[in-house]
Amino acid sequence: MKAVELEKAFDPRSFETRIYALWKEKGAFKPKTQSGKTAESYAIVIPPPNVTGVLHLGHALNISLQDIVVRFHRMRGEPVLWVPGTDHAGIATQNVVEKRLKAQGRSRHDLGRDKFVEAVWEVKKEHHGIISNQISRMGASVDWSRERFTLDEGLSRAVREVFVTLYERDLLYKGNYLVNWCSSCGTALSDDEVEHEDTPGKMYHIRYPLAEEKGFLEIATTRPETLLGDTALAVHPEDERYRNFAGRDVLLPLTDRRIPIVTDTYVDRDFGTGVVKITPAHDPNDWEVAKRHDLPVINILDPGGTLNGEVPEKYRRLTVIQAREVVVADLKTAGLFIKEEDITHAVGHCYRCHTVIEPFLSEQWFVRMKPLAEKALESWRRGDLVFFPRKWENTYKHWLSNIRDWCVSRQLWWGHRIPAWYCGDCGKISVSRTDLSVCPRCGSAKLKQDPDVLDTWFSSWLWPFSTLGWEKISDYPVNVQNGTGADKGDLGRFYPTTALVTAYDIIFFWVSRMIMAGLEFTGRAPFRDIYIHGLLRDKQGRKMSKTLGTGLDPLEMVDEFGADALKFTLAFLCAQGQDLLVDKESFKLGSKFANKVWNASRYILMNLEGRSLIENPALLPADRWIYSRLNGAAKLMEEALLSYRYNDAALGAYEYFWNDFCDWYVEATKLSTHSDDDAEKDRATTVLLDVLAESLRLLHPLLPLVTEEIYQKFPAGVKQGKFAGQELLITAPYPRFDEGRADPGGEEDFAFLQELVRMVRTLRSECTIPPSRQIRVQIRPRTGREGVLRDNTDLVKLLAGIGELEIAPPSTETRPAASIGLAGTGFEAFVYIAEAADLAFLRQKFARELEKDEKFIASLQAKLANENFLKNAPPELAAGERRKLDDTLKRTGKLRSYIHDMA
């Protein structure tokens, strides 16, 4: 064979784009069955990123985790489908265009609906290209031939089919209800789209004068401007203080209206004065009270967030904040203001533009969620759904058990327009799968389509089956429940999908709704495994944010460290149930590991000159050991990735390749590869190449690009032999645990040798003996270990830098003169230290270190004896100090032993 020269300096930029293009060219991302084998499919749909901008590091985490399991299952021979796509992101995308228009001094109304929507499509195209490039640069093995968009033709048909079907099943209705209103976006929001934040505010105490006599009732509110929409005061029916007030009226401050005093158990009599103002159009609890008491509902806001014609002239057209200031001033003038107090309270904000949300009475479309939620809960109870980690099951259960109807209409122009038409003659609403030109009720042509669009999540909740062509198969739900559907294309082959990988911040928005939609429209849950990963935070635990300067651009990390470094680092840090604390320096971990794989492979491939591969090479103990360790690593990786324990998989791969393969096995093979025996060199090289190739397959899901680049450099002879037909590593078989390769006895023997070598190496380091200086060592193995040591004498000498190794019986009583003794599991060793180092210098060195350590021990013991420290210190800090004490005590024991041996 010829030597293969990899570049000396590891530079992922030199090959990552080329390798990704190779995979796409060869169709490696498309689902296939290897060697004609029929296998259960593995399918994932990517959580579609919003097409509003660029992907952030949170997207990189999510995409990396999916890519790892997708590659793992593809290499296991399963037909794997990973569907990419993007979300049209109604509010967010419309906001991008509206901001651009605003900068030009225009609004969407100046353009008109059709022209505005055209402008938004242009933004979509612009950002879609950026997002697709980012996903590719991160090395994601998605099937680009099946890419979808939530506003593409197929998904639009699915959305309309679902809307009409829900309407036909009486699961969708239109009505006047209190909604969350964003005055900036000019649209209603669902409860899940409102972010509550603790915000400084004030509690205002106000007098409401009695209408028929002197006196007043006191209320407290954080929103005094809403009193203009009050239609009652309420007290608890069992509150003795107000027993005689029920049924009487008060004068509504700053207006000429009288409102009644009602009794309702909603009132908390122990809070404040026990009297609450009822503003049905602007508070969800008050809305319920109003329905019970048949109170009028007065909406005092217009869609733009200013006060409307229902309030006195003075307050009209004021914003909420302006009206609050004027109302408080007028209350003071009227002698109706008592006091104000500073408070902190939770205030709802729009999840997109961060405007304060106002409860707002509006006519909207709603989905009845309770019947859907009951099916989703039952599916979970049956075991159809498995959460990783399991703790999220409680969140899922709680949310579905307390679900409210979902407001799905949005007062936007960008999105799926609601397929409902209003007749100008008969006044009826018609909901239709096709566009209407005449009223199906009366035949009138005076039809007007609902101007609103559907909530973005209304298309997203159909994602697992709508992306697979569900809208083309009208009778699919029946077939699914009968277990048939093999002829239904991607839908029959890949639905239900296997897994969903997503962050916990959208478990309500998306995960639960997808389950409800899947059950309602296909009869089955859309996936089995639900892996919920944490969020990315900076090293101080703060959420990643551009404003705080803690945001990291994933492509900048790829440019500096490589896509593999990005993927491996995120996996390494991703422990189930925990957020990830990262900064730029974190990615050096993955970069160093990828560099280690490169350098180890480079060393092996550059030493192939003149070597020949042989069939069925004999295995030495070190060979059997590495195959057993590789076998164990394959088992660990399988168990970890099947249960989505990414950090365990990454750690297992790291420890196997860096420690077992590089630090021990590659070093051990130098006995053979550096020998004068060509036959032995060929034997060792054959085994070494085989172990390297299988190790690259093991690492591939975590480091796909660098492992593929190295594999593509393998000599042709290697690929034509044992690896025939495996042109690409991405589709090569993943290592599987084989009981026949397990060698626990061999691993135990090698562990004995490793401990001996480590102890000698440590002593060399502590005694500052240079690596070039060979030492003399006497070893006294215990019963059963002498044979292992004699069989591997040359290996121990090589790895520990020993020039002369004496094997003495364990019964030997005399200690060699001027030696330091070491005791390990199954042996005693004596290093002739006087032959390799200056004893006087070492005695002084160890004495100084012992004195320093004893002082440190005294300070640690004093700290741990201090009750104030133990009381106030975080538990992890106290535990860390105890570990330091234990480690230092062990070290001082060793130093005393050294000093004693050299006496």
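For the structure given in this document, a descriptive report is provided here. (Residues numbered from 1 in each chain as written. Predicted model: local features only at pLDDT ≥ 70, side-chain atom pairs only at ≥ 80, totals over all residues. Heavy atoms only, no water.)

**Details of the overall build of the protein**
Part 1 of the reasoning: Of regular secondary structure, the protein possesses 29 helices and 29 strands.
Part 2 of the reasoning: Its C-alpha atoms give the protein principal-axis dimensions of about 115 × 70 × 55 Å.
Part 3 of the reasoning: Counting across all 903 residues of the protein, residues that qualify as buried make up 54%.
Part 4 of the reasoning: Accessible surface, the protein as shown: approximately 40000 Å² in total, 49% of it carbon and sulfur.
Part 5 of the reasoning: One finds the centroid of the 120 positive side-chain charges in the protein at a distance of 1 Å from the centroid of its 128 negative side-chain charges. (Helix = DSSP H or I, 4+ residues; strand = E, 2+ residues; numbered from the N terminus. Buried < 20%, exposed > 50% of the residue type's maximum accessible area, 1.4 Å probe, protein only. Areas by Shrake-Rupley, 256 points an atom, 1.4 Å probe, with all protein chains shown as cover. Lys, Arg positive; Asp, Glu negative; His and termini not counted. Charge placed at Lys NZ, Arg CZ, Asp CG, Glu CD.)

**Remarks on the packing of aromatic side chains**
Part 1 of the reasoning: Within this structure, the stated rule accounts for 48 aromatic pairs.
Part 2 of the reasoning: Of note, Lys124 hangs over the ring of Phe149, and the distance from its end group to the ring centre comes to 4.5 Å.
Part 3 of the reasoning: Positioned above the aromatic ring of Phe245 is the side chain of Arg248, whose terminal nitrogen or guanidinium carbon lies 5.0 Å from the ring centre. (Phe/Tyr/Trp six-rings, centres within 6.5 Å; stacked < 30°, edge-to-face > 60°. Lys NZ or Arg CZ within 6 Å of the ring centre and 35° of its normal.)

**Details of helix α18 (residues 588-606)**
Since there are 3.6 residues in each turn of an α-helix, residues three or four apart along the chain are aligned in direction.
Part 1 of the reasoning: With 19 residues, α18 ought to run about 27 Å at 1.5 Å a step, and its terminal C-alpha atoms sit 26 Å apart, in line with that.
Part 2 of the reasoning: Among the residues of α18, those classed as buried are Gly590, Ser591, Phe593, Ala594, Val597, Trp598, Ala600, Ser601, Arg602, Ile604 and Leu605.
Part 3 of the reasoning: On its buried face, α18 sits against α16 (554-561), α17 (563-573), α20 (646-673), α21 (678-699) and α22 (704-712). (Expected span 1.5 Å × (residues − 1). Contact = heavy atoms within 4.5 Å.)

**Concerning the pattern of salt bridges**
Part 1 of the reasoning: Under the counting rule described, the total for this entry stands at 71 salt bridges.
Part 2 of the reasoning: One salt bridge in this structure joins Asp67 and Lys567, with 3.2 Å as the shortest N-O distance. In this pair, Asp67 is assigned in helix α2 (residues 57-75) and Lys567 in helix α17, connecting sequence segments 500 residues apart. Here the two residues Asp67 and Lys567 agree in accessibility, since each one is buried.
Part 3 of the reasoning: Between Lys670 and Glu667 there is a salt bridge; the shortest N-O distance is 3.0 Å. You can see Lys670 and its partner Glu667 sitting in helix α20, 3 residues apart, about one turn around the helix.
Part 4 of the reasoning: Using a relative accessible area of 21% as the deciding quantity, one classes Lys670 as partly exposed.
Part 5 of the reasoning: Relative accessible area serves as the criterion here: at 29%, Glu667 is assigned to the partly exposed category. (Salt bridge = Lys/Arg side-chain N within 4 Å of Asp/Glu carboxyl O.)

**Describing the environment of Ile68**
Part 1 of the reasoning: Along the chain, Ile68 falls in helix α2.
Part 2 of the reasoning: Classification of Ile68 by relative accessible area gives buried; the value is 0%.
Part 3 of the reasoning: Separated by 573 residues in sequence, Ile68 and Leu641 have C-alpha atoms that sit 8.4 Å apart.

**Observations concerning empty space enclosed by the protein**
Part 1 of the reasoning: For the structure shown, the criterion picks out 3 cavities of 30 Å³ or more.
Part 2 of the reasoning: When its volume is computed, the largest cavity comes out at roughly 70 Å³.
Part 3 of the reasoning: Every residue lining the largest cavity is listed: Tyr603, Ile604, Asn607, Leu608, Thr669, Thr673, Thr685 and Leu688.
Part 4 of the reasoning: Elements that contribute at least two residues to the lining of the largest cavity include exactly α18, α20 and α21.
Part 5 of the reasoning: Residue composition of the lining of the largest cavity, by class: 4 nonpolar, 4 polar and no charged. (1 Å grid on protein atoms, 1.4 Å probe; cavity = no way out; pocket = protein on both sides within 12 Å on 5 of 7 lines; lining within 4 Å. Points joined across faces, edges and corners; volume = space filled by probe spheres on them. Nonpolar A, V, L, I, M, F, W, Y, C, P; charged D, E, K, R; others polar.)

**Focus: the environment of Thr669**
Part 1 of the reasoning: Counting through the fold element by element, Thr669 comes out in helix α20.
Part 2 of the reasoning: Between the alpha carbons of Thr669 and Ala622 there is a distance of 8.1 Å; along the sequence they are 47 residues apart.
Part 3 of the reasoning: From its side chain, Thr669 meets the backbone oxygen of Val666 in a polar contact 2.6 Å long. (Polar contact = N/O pair within 3.5 Å; in protein donor to acceptor, adjacent residues only side chain to side chain.)

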